[in-house]
Protein chains: 2
Amino acid sequence: MKLFSAQIYSERRSQLKKAVGSGLILLLGNDEAPMNYTDNTFRYRQDSNFLYFFGLNQPGLNGILDADSGEEIIFGNELTIDDIIWAGPQPSLNELSRKVGIYRTESPASLPAKLKDFKGKVHFLPPYRFDNKIKLNEWLGIPVSKLGEEASVLLIKFVVDLRSIKSAEEIAEMEEAVNITGEMHKAAIVATAEGKMEYEVVSRIYEKLHFYGAELSYPVIFSANGQTLHNHYHGNKLAAGRIVINDSGAENAMGYAGDITRTIPVNKTFSQKQKEIYELVLNMETSSIALLKPGIQYRDVHLDANRILLKGFSELGLVKGDVEEMLQLGVGGLFMPHGLGHMIGLDVHDMEDLGENHVGYREGLERSKQLGLKSLRLARELEAGFVLTVEPGIYFIPELIEQWKAEQKFTEFINYEKLEAYKDFGGIRIEDNVLITPDSFKILGNPIPKTVEEVEALRA
Amino acid sequence: MKLFSAQIYSERRSQLKKAVGSGLILLLGNDEAPMNYTDNTFRYRQDSNFLYFFGLNQPGLNGILDADSGEEIIFGNELTIDDIIWAGPQPSLNELSRKVGIYRTESPASLPAKLKDFKGKVHFLPPYRFDNKIKLNEWLGIPVSKLGEEASVLLIKFVVDLRSIKSAEEIAEMEEAVNITGEMHKAAIVATAEGKMEYEVVSRIYEKLHFYGAELSYPVIFSANGQTLHNHYHGNKLAAGRIVINDSGAENAMGYAGDITRTIPVNKTFSQKQKEIYELVLNMETSSIALLKPGIQYRDVHLDANRILLKGFSELGLVKGDVEEMLQLGVGGLFMPHGLGHMIGLDVHDMEDLGENHVGYREGLERSKQLGLKSLRLARELEAGFVLTVEPGIYFIPELIEQWKAEQKFTEFINYEKLEAYKDFGGIRIEDNVLITPDSFKILGNPIPKTVEEVEALRA
């Protein structure tokens, strides 16, 4: 188990206790997750908040921080001789806990009474694992359906404040995750070819992932039907003339996520029509990144990417009219019905368990209702230390085009007739992970082929 | 989604309703399982009982069978226009249900009232997913901790009866799962080499798995420390002179599991010492398989494998004394502290969610308390149509040897002094999946290299 220094974890916990001020902070670890019966489990994934404050990447642990007394305890079982026989020699919980600066461990059995006996407020985060919901219900007497609203907003806010700013040690881990992700993407570009099944190419992504001892940070999207945004099906045969969206990322050993998208032509080169749209998306991506620095509102960057889209589409004759008007009305949502990006860290959508609005919005900054902008997960002003994704895309979704056309939506701006020729186009998305530095930005990781020339070079 | 014919599913459901006789049979499907937040999920896995009776491999479904009226309903949401926009065009729940012989679908919202209003007994299976525990608690008013004991033993028994006997269609699926698994194993034998990290070889296993569009049926065991039985760590460097246990299997598109073990020398050939133990394990495996036919008690086959072990160890001077006496006392448990095998089908430990004793034991056949035999999951008489694993192993577990030695256990039989020379040996296991035919057996799938010569041939 790779860990940061004990000092790092101790400092994070001290900052949290100080910020919360008083009461008991309860941080639940994740247990094993059953797949088709109790003992056949999915790959183990620790809770990201637990990882951030306690570091220990194993099931069966919970932690408390007493904001009044300062006391810090990890609850978990010590090893038995049977554990050693079946799972091999390993450090004790006590030894492990010392490595993250915790000097008191107790049996899991003593936690419920401790919570019951505590006189002040017990702060907990919104649970997303159902076993943890059952535990909180039993321990705190709160109905399962009320646990979300009873979670401590104070605790959520301070955890978000801390986790939003990535330290140098975290950035190094995130660079590693992006670099493994980059190897996955290069392998996929090389392996893509007419006549292959999508899952044959996906198998090369998994090979690279596991070659570096990593796990997926989210389910692989690799599809010749990239216009279908939530597409985890890999059963299509790659046909000549199609383009494939590969949105896949590695989670490194310490739990940090990479999240990269590249778009690959099934032919060895992009067609002229594909190149026009590809260059437009690439321009949206690089121009958005060039704007990044502390203080800029990410909502404005999203809108600027849309502005580039609408200008480009005006030149192609797919839309007509005043770009600023179209931007205000949300015409671009038809072609990019998702947000420009999100925070990334220990989670691919960082801290999504704590609530998107706590992470990406702030008081006075309300969520839009427009298609596209309403899905923007990160809208607020950026700060140095944030890491976020920049992932513009252009999609021609036949069902959505048909729907808008039938509703006669924005007929004064959208050239539905000309759009017919794009209904079998598919989609293009390009995505990188970017750190906000004190005065500008840094794209994380080694460069991953991105221009038309760079992508085509790997297809030779 | 690949499905058997509607007739097959209808017949299974009819048999179940008839066997249970009266009351409402409730079969819960699995939903998506959250990894690090609600919307970042593990790979989807449907519940095996739901797959067996309803076939539909997607989240959000539950089914009821009314044993009195005969009525059959699937509860789930119909597609919205948003679903089609985001997830692509797809058949409706109604269309899908017809394909498995169900002509009535209802909204999930109507299920709780249906259960509440039902006058007779509601039969349900023991839940293992925590979200399903929460649902059953809400719908039936049974405390979460009591759901296991309140599950219908009648329903469990009849589901076990049906699922235990594999049909010809199921066998074809299981052969496919074993064949994909075989490709994974061959790739691992070829890739194993001194100086590589375990996960580098594991990456080849994943590549083959996904190349065939399959998923893991259980977490990969690939370890140069095969003596540690529950070992999912892949971070060791493969050192000259070690042997590696590869216990890994594919789950094919219809959900059927393969479960194969091979043992690979890190050097290009086995050493003389390794060969002696390897040949002994191979003899245990092939001799056990040769005994298989309807009517034989699998407990006896397990004991026979132990007999071969003890005879072989007598010849090697590792044990001494009367083999039958040692067998009765359980001396062999030190070297093979697990059972010879288990049922396999839609689950790698088939129907383990329904309770191991319901699947592998019967009235009058009690579980042993001896190390090894107590872990035997399948002990009962075999029947034509059963598919099971045969997986003998020999391990030298330093911690266990030390424990027995310190307790002076079986000192009259075990040559602890001579065992010292084996403490760095590791472990060997060989496993195949075998169908019980009307008069003997059939090893499923294409042959996977198993003899010393066959394994070494792939290392050339």
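Residues numbered from 1 in each chain as written. Chains lettered and ligands numbered in written order. Predicted model: local features only at pLDDT ≥ 70, side-chain atom pairs only at ≥ 80, totals over all residues. Heavy atoms only, no water.

Caption draft 1: A look at the overall build of chain A. Looking only at helices and strands, one finds 17 helices and 17 strands in chain A. Compactness check: chain A gives a C-alpha radius of gyration of 24 Å against a globular reference of 23 Å for 460 residues, within 12% of the reference. The dimensions of chain A, computed from C-alpha atoms along their principal axes, are 70 × 50 × 40 Å. In chain A, which comprises 460 residues, the proportion classed as buried is 59%. Carbon and sulfur atoms make up 50% of the accessible area of chain A, which amounts to about 17300 Å² in all. The positive charge centre, built from 50 side chains, and the negative charge centre, built from 66, are 1 Å apart in chain A. (Helix = DSSP H or I, 4+ residues; strand = E, 2+ residues; numbered from the N terminus. Rg over C-alpha atoms; globule rule 2.2 N^0.38 Å. Buried < 20%, exposed > 50% of the residue type's maximum accessible area, 1.4 Å probe, protein only. Areas by Shrake-Rupley, 256 points an atom, 1.4 Å probe, with all protein chains shown as cover. Lys, Arg positive; Asp, Glu negative; His and termini not counted. Charge placed at Lys NZ, Arg CZ, Asp CG, Glu CD.)

Caption draft 2: Summary view of the sheet that holds strand β16 (residues 432-436) of chain B. Residues and elements named next belong to chain B. Here we have three strands laid out as an open sheet, ordered β13-β16-β17, and antiparallel in their pairing. Looking at the sheet topology across the chains shown, the edges are occupied by β13 (387-390) and β17 (441-443). For this sheet the average axis-to-axis angle between neighbouring strands, irrespective of direction, equals 35°. By the bridge criterion, three bridges tie β16 to β17 in an arrangement that is antiparallel. The residue of β17 that forms the bridge with Leu435 is Lys442. (Pairing = 2+ DSSP bridges. Axes fitted to C-alpha atoms, helices over the stretch in contact; angles between N-to-C directions.)

Caption draft 3: How the structure looks around the side chain of Asp347 of chain B. Relative to the helices and strands, Asp347 of chain B resides in the loop between α13 (323-329) and α14 (356-360). Given the relative accessible area of 0%, Asp347 of chain B is considered buried. If sequence neighbours within four positions are ignored, Asp347 of chain B has contacts with Asn36 and Tyr37 of chain A together with Arg45, Ser48, Arg163, Ala257 and Asp353 of chain B. (Contact = heavy atoms within 4.5 Å.)

Caption draft 4: Fine view of the interface of chain B and chain A. The interface is formed by 58 residues belonging to chain B together with 58 residues belonging to chain A. Together chain B and chain A conceal approximately 5000 Å² of surface at their shared face, both sides included; 66% is due to carbon and sulfur atoms. Taken as a group, Asn36, Tyr37 and Trp86 of chain B account for 15% of the area that chain B buries against chain A, more than any other trio of residues on that side. Our count for the contact surface shared by chain B and chain A stands at two salt bridges. On the surface where chain B and chain A come into contact, there are twelve residue pairs in polar contact (both at pLDDT 80 or more). For the side of chain B that touches chain A, the element with the highest residue contribution is helix α10 (residues 198-211) of chain B, accounting for eight residues. Taken together, the residues of the side of chain B that touches chain A break down into 29 nonpolar, 15 polar and 14 charged. (Buried area = accessible area lost by both parts, 1.4 Å probe. Salt bridge = Lys/Arg side-chain N within 4 Å of Asp/Glu carboxyl O. Polar contact = N/O pair within 3.5 Å; in protein donor to acceptor, adjacent residues only side chain to side chain. Nonpolar A, V, L, I, M, F, W, Y, C, P; charged D, E, K, R; others polar.)

Caption draft 5: Local environment of the packing of aromatic side chains. This model, assessed by the stated rule, comprises 27 aromatic pairs over all chains. By way of ring pairs, the aromatic residues Phe313, Phe335, Phe396, Tyr422 and Phe425 of chain A are connected into one cluster. Positioned above the aromatic ring of Phe211 of chain B, the side-chain terminus of Lys208 of chain B is 5.8 Å from the ring centre. (Phe/Tyr/Trp six-rings, centres within 6.5 Å; stacked < 30°, edge-to-face > 60°. Lys NZ or Arg CZ within 6 Å of the ring centre and 35° of its normal.)

Caption draft 6: Region of interest: the relation of the copies chain B and chain A. Overlaying chain B with chain A gives an RMSD of 0.0 Å, the required rotation being 180° about an axis along which the chain moves by 0.0 Å. Such a turn and shift between the copies fits a two-fold axis. When you check the interface residues of chain B against chain A, 100% turn up at the interface there too, and the contact is symmetric in its surfaces. (Least-squares fit on C-alpha atoms with pLDDT ≥ 70 in both.)

Caption draft 7: A look at the pairing of strand β1 (residues 24-28) of chain A. Residues and elements named next belong to chain A. The element β1 is extensively covered by neighbouring structure, given that five of its five residues are classed as buried. Of the two faces of β1, the one lined by Leu24, Leu26 and Leu28 and the one lined by Ile25 and Leu27 are each fully buried. Examined bridge by bridge, β1 and strand β7 (residues 122-124) share three bridges and lie parallel to one another. Looking at the pairing, Leu24 lines up with Val122 of β7. Bridge analysis of β1 against strand β4 (residues 62-66) gives five bridges, and the strand direction is antiparallel. Of the residues in β4, the one forming a bridge with Leu26 is Ile64.

Caption draft 8: The sheet that holds strand β6 (residues 105-106) of chain A, seen in detail. Residues and elements named next belong to chain A. Strand order in the open sheet formed by five strands is β6-β5-β4-β1-β7, with mixed pairing between adjacent strands. Two strands in the sheet have a free side with no partner beyond their single neighbour: β6 and β7. Contacts from helix α6 (residues 130-140) reach β1, β4 and β7 within the one sheet, and its direction differs from that of β1 by about 150°.

Caption draft 9: Expanded view of the environment of Val201 of chain B. All names here are of chain B. Within the secondary structure, Val201 sits in helix α10. Distance from Val201 to Ala187, taken between C-alpha atoms, is 8.3 Å for residues 14 residues apart in sequence. The residues touching Val201, leaving out its near neighbours within four places in the chain, are Ala188, Ala191, Thr192, Lys196, Phe222 and Leu238.

Caption draft 10: Molecular detail of the domain arrangement of chain A. Residue and element names in this part refer to chain A. The domain boundaries assigned to chain A delineate domain 1 (6-164) and domain 2 (168-458). Taking only C-alpha atoms, the centre of domain 1 and the centre of domain 2 are 34 Å apart. With 21 residues of domain 1 at the contact, the number on the domain 2 side is 20 residues. Between domain 1 and domain 2 the total buried area reaches about 1600 Å² when both faces are included, carbon and sulfur atoms providing 52% of it. When the buried surface of domain 1 facing domain 2 is broken down by residue, Arg43, Arg163 and Ser164 rank first, second and third, together holding 34% of it. Across the pair Glu170 and Arg12 runs a salt bridge whose closest N-O atoms are separated by 3.8 Å. The set of elements that each furnish at least two residues to the side of domain 1 that touches domain 2 consists of α1 (6-20), α2 (48-54) and α8 (153-164). Per-element accounting of the side of domain 1 that touches domain 2 gives the leading share, seven residues, to α8. Looking at the side of domain 1 that touches domain 2 residue by residue, the classes come out as eleven nonpolar, four polar and six charged. (Domains from an automatic or database assignment.)

Caption draft 11: How the structure looks around the side chain of Arg429 of chain A. Residues and elements named next belong to chain A. Relative to the helices and strands, Arg429 resides in strand β15 (residues 427-429). Accessibility expressed as a relative area gives 5% for Arg429, which makes it buried. Side-chain polar atoms of Arg429 contact the side chain of Asp247, separated by 2.8 Å.

Caption draft 12: Seen up close, the pattern of salt bridges. Residues and elements named next belong to chain A. Across all of its chains, the model carries 66 salt bridges over all chains by this definition. Taking the shortest distance from any N to any O, the salt bridge between Glu173 and Lys2 comes out at 2.7 Å. Linking Glu173 in helix α9 (residues 168-191) with Lys2 in the segment before α1, this pair joins segments that are 171 residues apart in sequence. Residue classification places Lys2 among the partly exposed residues on the basis of a relative accessible area of 49%. Close ionic contact of Lys17 with Glu72 constitutes a salt bridge, the shortest N to O distance being 2.9 Å. Of this pair, Lys17 sits in helix α1 while Glu72 sits in strand β5 (residues 72-75); the two residues are 55 residues apart in sequence, bridging distant segments of the chain. The residues Lys17 and Glu72 share a single accessibility class, namely buried.

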